[in-house]
Amino acid sequence: MARDVQWSTAMARALLALAALVALGGCTSSSDEPGTSGDQIRFDTSSSAARAQLRANVAFARTYAPRCKASSESKPRVLLTGFGRWGSNRTNATGRIVSTVVPEATYPETSPPPEGQVDEPGPQLSVATRTMTLPGLDGEVEVCAMVLPVFWDLSATLVAREIDAFRPSLVLMNGIDGTRQKLVLELGAANQASSSTDGTEKMKPAAEQGSWSAPILASAPPSERKRANLLSWNAVRDAASAVVTAKADVHAGDRRFGEVMPGVAFGGFPRGTFVCNSITWTTGYLMDHPGERIRLLEGSAPDETSGVEVGLEGDHRGTPRVFMHWPAQLEGEHIAVAAEIAKTVIAAQLAALARGDLPTRGSNADADPDYRTYEREEEQRETSR
């Protein structure tokens, strides 16, 4: 109990200092007033299959009740997310990592439905909480683990519901990227969604004619087009890098861990505009705009069956949050190593908070040369159409 109180006091001091920093300098404009924004991304519902899928997603979102509840105000709390199947990645490495950290969040073993049928979201979601101890931390940590469906807007809606109920000290989101690559700590995200189908293979943003993308929230001011994540960057990177180096020779079949994931890097933003970017931008926006409500899951021809209002009542402006991209080829023994790295990241950030190493906004100036922003390529693509 004494350890819990000690951590809680240190955390409270750190968050007070960070709140003052946010108020002074800010990630949000002083002219941004809480309210309801109505011109968010809409989804192409020109086909009957897309309309049916959207109805199923909206119905699930409207009835979803948070499953993670904080059992103690004195313990640090972490929201940890990964994804389930998507396209050819029937076994998503990040969902496996999350399920290894919190075994109660069983990885959802599902298959795509027959062509033209609804891909039900419920069976693709797994949520559970576990209290654990982590190396380098005094006391226990509560972890809310979520394996999410790779569905536009729905994944962000479910995360927002759990943040409101669980009130985490850290939000750690995860997804896969290249087959083999470094672990990429994404410095931020963009208010932009590519017109690409998600895991349902039916839902995609409705972009204007001649455009390949649409804004996630069109009413957001220009200052929100690039939204930085919030982390104690060097502390987290250094801790994760130490484990990557120590476990480089662990084999999964004939592959060394160091061959699949050779290090840790900072990723520039925007660096992609798919579901991973969308959940990162939307989550960060809601965390930094307490009390504001936005509507998600709107169809291109809205009716009473589309649209879900989402917002956060609590003030999470000082809460660290980041998205990490992992190599898709992680499997077998490498998943256990990756789970150890995820735990190390959690411990490093919580320890940084406790000692007053306050998180800062990500900056593209810190991006690894191999993982810089894709913005130039995106602008060229837009211009060429």
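In this report, the structure presented in the accompanying data block is examined. (Residues numbered from 1 in each chain as written. Predicted model: local features only at pLDDT ≥ 70, side-chain atom pairs only at ≥ 80, totals over all residues. Heavy atoms only, no water.)

### Some words on the pattern of salt bridges
Under the criterion given, the structure shown has 22 salt bridges. With a closest N to O distance of 3.8 Å, Glu140 and Lys75 form a salt bridge. Here Lys75 lies in the loop between helix H2 (48–63) and strand S3 (77–83) and Glu140 lies in the loop between strand S4 (126–132) and strand S5 (141–148), a separation of 65 residues in the sequence. Put simply, Arg256 and Asp249 hold a salt bridge, and the shortest N to O gap is 2.9 Å. Overlapping salt bridges, with partners in common, bring together Glu224, Arg227, Asp288, Arg321 and Arg361 in one network. (Salt bridge = Lys/Arg side-chain N within 4 Å of Asp/Glu carboxyl O. Helix = DSSP H or I, 4+ residues; strand = E, 2+ residues; numbered from the N terminus.)

### Quick word on the state of the cysteines
Enumeration according to the criterion identifies one disulfide in this entry. What pairs with Cys68 in a disulfide is Cys144, and their sulfur atoms sit 2.1 Å apart. Between Cys68 and Cys144 the sulfur-sulfur dihedral comes to about 75°; the bridge is accordingly right-handed. Linking Cys68 in the loop between H2 and S3 with Cys144 in strand S5, this pair joins segments that are 76 residues apart in sequence. (Disulfide = S-S within 2.5 Å.)

### Considerations on H2
Compared with the 22 Å implied by 1.5 Å per residue over 16 residues, the 23 Å span of H2 between its first and last C-alpha is a close match. All buried positions along H2 are accounted for by Ala50, Gln53, Leu54, Ala56, Asn57, Val58, Phe60 and Ala61. Summarising the contacts, the buried residues of H2 are in contact with helix H4 (154–166), strand S17 (298–299) and strand S18 (308–311). (Expected span 1.5 Å × (residues − 1). Buried < 20%, exposed > 50% of the residue type's maximum accessible area, 1.4 Å probe, protein only. Contact = heavy atoms within 4.5 Å.)

### Thoughts on the side chain of Ser213
Tracing the backbone shows Ser213 in strand S10 (residues 213–214). Of note is the side chain of Ser213, whose polar atom sits 3.1 Å from the side chain of Gln192. (Polar contact = N/O pair within 3.5 Å; in protein donor to acceptor, adjacent residues only side chain to side chain.)

### Some remarks on the side chain of Arg85
Along the chain, Arg85 turns up in the loop between S3 and helix H3 (93–101). With residues up to four places along the chain from it excluded, the contact list for Arg85 reads Arg90, Asn92, Tyr107, Thr110, Ser111, Pro112, Pro113, Asp119, Gln124, Val150 and Gly199.

### With respect to the packing of H4 against helix H7 (residues 275–288)
At a closest axis distance of 9 Å, the pairing of H4 and H7 adopts a crossing angle of 35°. Crossing of H4 over H7 shows right-handed handedness. On the side of H4, the interface is formed by Ser155, Ala156, Val159, Ala160 and Ile163, while H7 contributes Val275, Ile279, Thr282, Thr283, Leu286 and Met287. Counted by class, the contact of H4 with H7 contains eight nonpolar, three polar and no charged residues. (Axes fitted to C-alpha atoms, helices over the stretch in contact; angles between N-to-C directions. Left-handed = near helix turned anticlockwise from the far one by under 90°. Nonpolar A, V, L, I, M, F, W, Y, C, P; charged D, E, K, R; others polar.)

### Side note on the nonpolar core
Where a protein is soluble and globular, its nonpolar side chains tend to be buried together. Grouped together as the largest cluster of nonpolar side chains are 55 residues, with contacts concentrated most on Ile97, Val102, Met324, Trp326, Leu330 and Ile341. Among the elements that line this core, the one with the most residues is helix H8 (residues 333–354), at twelve residues. The next biggest cluster of nonpolar side chains, apart from the first, holds 49 residues, and it includes Met146, Val150, Tyr285 and Met287. (Core = buried A, V, L, I, M, F, W, Y, C linked by side-chain atoms within 4.5 Å.)

### Some remarks on the pairing of S5
The buried count for S5 comes to eight of eight residues, which makes it a mostly enclosed element. Because side chains alternate across S5, one face comprises the buried residues Val141, Val143, Ala145 and Val147, and the other comprises Glu142, Cys144, Met146 and Leu148, equally buried. Here S3 runs beside S5; their pairing, made up of seven bridges, is parallel. When the bridges of S5 are listed, Thr81 appears paired with Met146. Relative to S5, S4 is paired through seven bridges, and the arrangement is antiparallel. Pairing of Thr131 across the sheet is with Glu142, part of S5. (Pairing = 2+ DSSP bridges.)

### Focus: the packing of aromatic side chains
Per the stated rule, a full pass over the model turns up six aromatic pairs. Here the aromatic rings of Phe43 and Trp152 are separated by 6.5 Å at their centres, their planes lie at 45°, and the arrangement is tilted. With Phe43 in strand S2 (residues 42–43) and Trp152 in the loop between S5 and H4, this pair connects stretches of sequence that are 109 residues apart. A network of ring pairs unites the aromatic residues Phe43, Trp86, Trp152 and Phe274 as a single cluster. Positioned above the aromatic ring of Tyr107, the side-chain terminus of Arg96 is 4.0 Å from the ring centre. (Phe/Tyr/Trp six-rings, centres within 6.5 Å; stacked < 30°, edge-to-face > 60°. Lys NZ or Arg CZ within 6 Å of the ring centre and 35° of its normal.)

### Points about H8
If you check H8, its first and last C-alpha atoms are 32 Å apart, about what 22 residues at 1.5 Å a residue would give, namely 32 Å. In terms of burial, H8 is a largely internal element, 16 of the 22 residues being buried. Downstream of H8 by one or two residues, Gly356 has phi in the positive range, about 90°.

### Topic: the environment of Arg62
For Arg62, the position within the fold is in helix H2. Residue Arg62 is classed as partly exposed on the basis of its relative accessible area of 44%. Residues Arg62 and Gly307 lie 245 residues apart in sequence; the distance between their C-alpha atoms is 9.1 Å. For Arg62, the side chain forms a polar contact with the main-chain oxygen of Gly307, separated by 2.9 Å.

Purely geometric numbers; function is a separate question.
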